[in-house]
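# Structure at a glance
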Amino acid sequence: MTKRRYERTDTAGRRDEFWLTAAGIAGLTLTGFVACGGNDSSAGTGGSAGTAGSVAAGATGGSGGTAAGTTNGGTGGTSGSAGAEGGTGTTVACSADSSTAANMEAVVAAATELVSKLTADQQSTIQLDATIDNVEQWSNLPTSAIARNGVMLGDMSADAQTAAVALVAVAAGDTGSTLFSELRAADEYLVTNGNADSNSYGEGRYYIAFVGVPSTTSSWTLQVAGHHLAYNFTYNGACTSATPLFDGVEPTTWTDTTDHAPLETQRAAAVAVIAAIAGDPTSLLSGTYSDIVNGPTNANGKGDSHYPSGLTYPTGTSGRGVLVGSLSTDDQQLVKTAIEAWVHNVADPIANALLAEYESDDALAATYVAYSGATDLTTKNSYFRVDGPRVWIEYTIQGGIVYPSRVHYHTIWRDKAADYGAEYVDAEPSTDTSTAGTSSGGPGSGGPPGGSPPGAAAGGAPAGL
Amino acid sequence: VKRVWLLFALLLVDLVTRSAAAHPAPHSVILLDLRAHDVGAELRLPVPELEAALGRDLRSEGSALIERERSLLRAMVLRDLHVGSLDGAAWTIEVGPLASATDSGVPVVVVEATFTPPAAHAPGAFEIVDDVIGRRVQNHNAWIAVRSDFARGVVTGEPQVVGVTGYLRHTVVVNRTGGSSFRGFQAILRLGMQHIAEGTDHLLFLLTLLLPAPLVVATRRRRWGAVASTRATFASLLRVVTAFSVGHSLTLAAGSLGWLRLPSSPVETFIALSILVSAAHALVPLFPRHEAWIAGAFGFVHGAAFAGALADLHLEGGRLALALLGFNLGIESMQLVIVGAAFPWLVLLARTNWYSAFRTFSAFTAIIAALGWLGQRALGLRNPIEPVLTGVAAHPAVLLASLASLVCLARLASSRAAADSDQSARPSNGVAH
């Protein structure tokens, strides 16, 4: 574009050029070092002083001394029993029941059968290490919001799906495997009828995972998990266990070739109890429940990260509802039916072993039942609860998500002593914060005594969807 | 750049408030700014949970809801939020302005508040008892998160959740004693450096303005001519960089101290315009020997944008002054590093006959970039160039190595050409003149 060329001027002497080149090379070296070698320091600056990824569960239980942190029960030393310290200071023991052995062996066989039908990749995906972080990875939220462990049914071959369904049938028993298929159908209905996103909902988006290697001798957990379902069946643990068990449903009822109402057994049993106790004003809990209180937290993409130390169970004798021991025999039977509506979602040998604990006279005498909201559990923010020495069942009615004008259900069954087979009672979930900045659990914190790692305890977020 | 920061800030809040979507029982968030003498707090209360707490529909949303329920919401916060030192001494809570917002699709009420400790109590250690929604809604969770803590070097980034309230546990302890102003200063210094390293538009303006620095205007005006002496070149560099620094320091200070509030949108547009002007100047001398004035003038505008980034940090008083110093030092040092690394190569290249083409090419690149930003900032158009620029700017070493290689090649070609013209008697060896 220019006809005239710039002449090389003599003003720029050789010495200038030498220094310029030297400066340029120094600059180049420095930049290269900073860009390539200095990754550590650039992470430091980029992340603004160690805050990366730190919306982590912080600790801090309540200061009110209410946190019934499960503590250190017997350190597993005493022949497979573990304990959890209840808020009142009484230690609730749990144990391993040998009558469940045959079922456990059948589950291991069914799990092995499933593995043989999977691809090599899936065989590796379905298997997770037995850590608290892995075992807590389940949720009430759609699978797009919180990742689930293991292999999705929709990704399995037809043979493998059949094996998966068979595994659930052995592990969950008739009631539990029917619930599994009904909740899958409900999720599918959200897509086909409710136009919900098929990347979040659908019958294929239910997962099978093994946390710990399936074994007839050592502890492992079978997880069956999807949007509104989480089975956590732990075998060979310190205690016989089928919890935490989350189930929920939207829509609550629908009709295709037949009528569906997956949670109707649970709902009807709860309503029957409420009808029996509502005459007693102490059966009505104060406050409002817009969701379950001891459900998954869903913080940081994790699920049940409240467990163990951040779960809160009520203590004392007031404000918990009506004592089952004070009810008539008939009404006590209604409570048993309600408890069984949840507990029978695991295979009978395990269900029966647990029911023997939950329904003993001693246990029932110390079990509270209560409700909030509408006695017929039809309207939003209605709530039903069973609060025993070990058994903890919550049932909530919430606004609809895919069908906003309707309601939907969330329920949870936990065991105050035996969640995850009591294999992780001393563990604390890690968090993804590595900063020293999180101050947590200072004086007055209700976290476990002796101090959890900074930011490690409790934490997390709200009970979910 | 302000927009990027704003997005960044929104993203951070979103990380804390995430999982609220499609969630009938969304959690509250309390964001804390730990300051020298008190604690700034921002409560984000989800409307569906407020309704559950009140047992009625609020029936209006957004600013209408705030207008209608302002006194009720203030009263709820004042009645049900308690802050105290760990020895039990109560703090005072002042409730500031209320606003409405949306977190992951859930409408929220945003309440600004200030927690002030009593005399002789440190502002770094306290407990919050949050009953605002939890008083009624038993399952309600509130995430208590530290958004900034100058003394612990937390000035920006994802708020750190230090505790979550829930069923039967409404108290969260925040215990962040220790730390020092120096840590805050360091963090701010890094922030300033990062701001320039990532502020492609600021850098592009400065480097484009420096393109003609090694040249003098030709005797026939309106055209860049011969290479200036090294001394003159560096004098020019010094003038431009100093003027730019003085300019943006003034507005950065004025903006951060609240003396000057410029709306960010015209500032951003003006920054794009400044690149356009300096690129045009690199093509033909528009204001030869007055680059410093232009650099100073546009520095004012760039400083106003820096001030926006600093204003987001919720600092005040002595810490603000310290932050101002740290941030500016960070900006200046990073600027010096980049100019220092690139400029010698520019000067060397200017001594080859490739410089004219390089200057023209660079100027046009800058013009295209500026037009992209102008369209985006003034007209709200999609900017297809920004991702390219950001991608390229992410690899400064490669960029600089390319420049260095270009210099080597150009010098090789130049010396070959010079040799050819010396021995013009010889048959041509293929180098065209």
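Residues numbered from 1 in each chain as written. Chains lettered and ligands numbered in written order. Predicted model: local features only at pLDDT ≥ 70, side-chain atom pairs only at ≥ 80, totals over all residues. Heavy atoms only, no water.

## A word on the confidence of the model for chain B
When pLDDT is low, close inspection of the predicted coordinates is not appropriate. Residues and elements named next belong to chain B. Here is the rule: Values of pLDDT, ranging from 0 to 100, describe the predictor's confidence in every residue of the model. Numbering of helices and strands runs from the N terminus; a helix is a DSSP stretch of H or I covering at least four residues, while a strand is a stretch of E covering at least two. Contact between two residues is taken to exist if any of their heavy atoms lie within 4.5 Å; hydrogens are not considered.
Summing up the model confidence of chain B, the mean pLDDT is 82 and the portion of residues at 70 or higher is 90%. Here helix α1 (residues 2-17) is the element of chain B with the lowest mean pLDDT, 46, and strand β3 (residues 81-84) is the one with the highest, 95. The model gives residues 1-21 a pLDDT under 50, and that stretch makes 47 contacts with residues more than four places away or in other chains. In this model residues 425-433 is a low-confidence stretch, pLDDT under 50, and it forms seven contacts with partners more than four residues away in sequence or in other chains. For this predicted complex, the interface score ipTM comes out at 0.72, while the overall pTM is 0.71.

## Quick notes on the pattern of salt bridges
Defined as follows: Salt bridges, as used here, are contacts in which a Lys or Arg side-chain nitrogen is within 4 Å of a carboxyl oxygen on Asp or Glu. Remark: exposure states derive from per-residue accessible area (1.4 Å probe, protein chains only) relative to the maximum for the residue type, with buried under 20%, exposed over 50%, and partly exposed in between.
The full count for this structure, using the stated rule, is 21 salt bridges over all chains. Close ionic contact of A:Arg414 with A:Asp304 constitutes a salt bridge, the shortest N to O distance being 2.6 Å. With A:Arg414 in strand β15 (residues 407-415) and A:Asp304 in the loop between α7 (264-277) and β11 (322-323), this pair connects stretches of sequence that are 110 residues apart. Across this residue pair, the class does not change: A:Arg414 and A:Asp304 are buried. The salt bridge partner of B:Asp33 is B:Arg147, with a shortest N-O separation of 2.7 Å. Here B:Arg147 lies in strand β7 (residues 142-149) and B:Asp33 lies in strand β1 (residues 28-34), a separation of 114 residues in the sequence. For B:Asp33, a relative accessible area of 3% corresponds to the buried category. Here B:Arg147 falls in the buried class, since its relative accessible area comes to 15%. Bridged by salt links that share partners, the residues B:Asp33, B:Glu42, B:Arg44, B:Asp103 and B:Arg147 form one connected network.

## So, the packing of aromatic side chains
Residues and elements named next belong to chain A. Formally: Ring pairs shown here join Phe, Tyr and Trp side chains whose ring centres sit within 6.5 Å, with only the six-membered ring taken for Trp; geometry is labelled stacked below 30 degrees between planes, edge-to-face above 60, and tilted in between.
Summed over the entire model, instances satisfying the criterion amount to 20 aromatic pairs over all chains. Relative to Tyr-409, the ring of Tyr-395 has its centre 5.3 Å away and its plane inclined at 50°; by these criteria the two rings are tilted. Taken as a pair, Tyr-395 in strand β14 (residues 391-399) and Tyr-409 in strand β15 lie far apart in primary sequence, 14 residues in all. Looking at Tyr-395, the relative accessible area reads 0%, which means it is buried. Given the relative accessible area of 9%, Tyr-409 is considered buried.

## Re the nonpolar core
We count it as follows: Put simply, a nonpolar core is a bunch of buried Ala, Val, Leu, Ile, Met, Phe, Trp, Tyr and Cys residues held in one set by side-chain atoms that sit within 4.5 Å of each other.
Among the nonpolar cores identified, the biggest contains 77 residues, and A:Leu114, A:Ile208, A:Leu222, A:Tyr231, A:Phe233, A:Ile339 and A:Trp413 are the most heavily contacted of them. Apart from residues lying up to four places away in sequence, A:Ile339 is in contact with A:Leu355, A:Tyr358, A:Glu359, A:Leu364, A:Val386, A:Val391 and A:Ile393. Counting 49 residues, the second-largest nonpolar core is a separate cluster that includes B:Ala292, B:Phe358, B:Ala363 and B:Ile367.

## Considerations on the state of the cysteines
Residues and elements named next belong to chain A. Note the cut-off: Sulfur atoms of two cysteines make up a disulfide when they are within 2.5 Å.
Scanning the model with the defined rule gives one disulfide over all chains in all. Between the sulfur atoms of Cys-94 and its disulfide partner Cys-239 the distance amounts to 2.0 Å. Residues Cys-94 and Cys-239 are joined through a disulfide that is right-handed, its torsion about the S-S bond being 75°. Placement of the pair is Cys-94 in strand β2 (residues 91-95) and Cys-239 in the loop between β7 (229-235) and β8 (245-249), with a sequence separation of 145 residues. Exposure class is identical for Cys-94 and Cys-239. Each is buried.

## Thoughts on the packing of helix α7 (residues 264-283) of chain B against helix α10 (residues 355-379) of chain B
Residues and elements named next belong to chain B. Inclusion rule: In this analysis an axis means a line fitted to C-alpha atoms, helices contributing only their contacting stretch, and an angle means the value between N-to-C directions, from 0 to 180 degrees. The scheme is simple: roughly parallel for angles under 35 degrees, roughly antiparallel for over 145, roughly perpendicular for 65 to 115, oblique for anything else. Crossing handedness is read from the near helix: turned anticlockwise from the far helix by less than a right angle, it gives a left-handed crossing, and turned clockwise, a right-handed one. Gly is placed with the polar residues, together with every amino acid not listed as nonpolar (Ala, Val, Leu, Ile, Met, Phe, Trp, Tyr, Cys and Pro) or charged (Asp, Glu, Lys and Arg).
Packing of α7 against α10 leaves a shortest axis separation of 8 Å and a crossing angle of 160°. Taken together, the axis directions place α7 and α10 in an arrangement best described as roughly antiparallel. Regarding α7 and α10, the two cross each other, and that crossing is left-handed. Of α10, the residues touching α7 (which contributes Ser-265, Glu-268, Thr-269, Ile-271, Ala-272, Leu-273, Ile-275, Leu-276, Ala-279, Ala-282 and Leu-283) are Arg-359, Thr-360, Ala-363, Phe-364, Ala-366, Ile-367, Ala-370, Leu-371, Trp-373, Leu-374, Arg-377 and Ala-378. When the residues that make up the contact of α7 with α10 are grouped by side-chain class, the tally is 17 nonpolar, three polar and three charged.

## Focus on the side chain of A:Gln398
Residue and element names in this part refer to chain A. Threshold: By the criterion applied in these results, polar contacts are pairs of N or O atoms within 3.5 Å in which, for protein atoms, one can donate a hydrogen and the other can accept it, and in which residues neighboring in sequence qualify only through two side-chain atoms.
By secondary structure assignment, the location of Gln-398 is in strand β14. By relative accessible area, which is 0% here, Gln-398 ends up buried. At 2.8 Å, the side chain of Gln-398 and the side chain of Asp-291 are in polar contact.

## A closer look at the sheet that holds β7(B)
Residues and elements named next belong to chain B. Under the convention used in this document: For two strands to be treated as a pair, DSSP must find no fewer than two bridges joining them.
Reading across from one edge, β4-β5-β2-β1-β7-β8 is the order of the six strands in this open sheet, with mixed pairing throughout. On the outer flanks of this sheet lie β4 (92-103) and β8 (160-165), each paired with one strand and no other. When strand polarity is set aside, the average angle formed by the axes of neighbouring strands in this sheet is 20°. On the sheet, helix α3 (residues 62-80) packs against β2 (39-46), β4 and β5 (106-116) and is oriented at approximately 145° with respect to β4.

## Details of the pairing of strand β5 (residues 207-211) of chain A
Where a strand is regular, its side chains alternate between the two sheet faces. Residue and element names in this part refer to chain A. A large share of β5 lies buried, amounting to five of its five residues. The two faces of β5 match: Tyr-207, Ala-209 and Val-211 on one face and Ile-208 and Phe-210 on the other face are all buried. Sheet topology places strand β3 (residues 127-128) next to β5; two bridges connect them, and they run parallel. Bridge pairing links Gln-127 to Phe-210 in β5. Relative to β5, strand β4 (residues 151-152) runs antiparallel, the two being bridged by two bridges. Residue Met-152 lies in a different strand from β5, and its bridge partner there is Tyr-207.

## Structural notes on unusual backbone geometry
Note: most peptide bonds trans; most residues except glycine with negative phi. Residues and elements named next belong to chain A. With an omega dihedral of 0°, the bond running from Thr-243 to Pro-244 counts as a cis peptide bond. Positionally, Pro-244 belongs in the loop between β7 and β8. Here the amide bond leading from Glu-250 into Pro-251 is cis, since omega sits at -5°, within 30 degrees of zero. Tracing the backbone shows Pro-251 in the loop between β8 and β9 (254-255). Phi angles above zero are rare outside glycine, and Asn-381 is one such case at about 70°. Tracing the sequence through the fold places Asn-381 in the loop between β12 (368-372) and β13 (383-387). Note on Asn-381: relative accessible area 16%, which makes it buried. Although it is not a glycine, Ala-422 adopts a positive phi angle of roughly 60°. Tracing the chain through its elements places Ala-422 in the segment after β15.

## Regarding the environment of A:Ser139
Residue and element names in this part refer to chain A. Among the structural elements, Ser-139 can be located in the loop between α5 (132-135) and β4. Distance from Ser-139 to Leu-229, taken between C-alpha atoms, is 8.0 Å for residues 90 residues apart in sequence. Those residues in contact with Ser-139 that lie beyond four places of it in its chain are Ile-146, Arg-148, Gly-226, His-227, Pro-296 and Asn-298. Within the structure, Ser-139 has its side chain in polar contact with the backbone nitrogen of Leu-141 (distance 2.8 Å).

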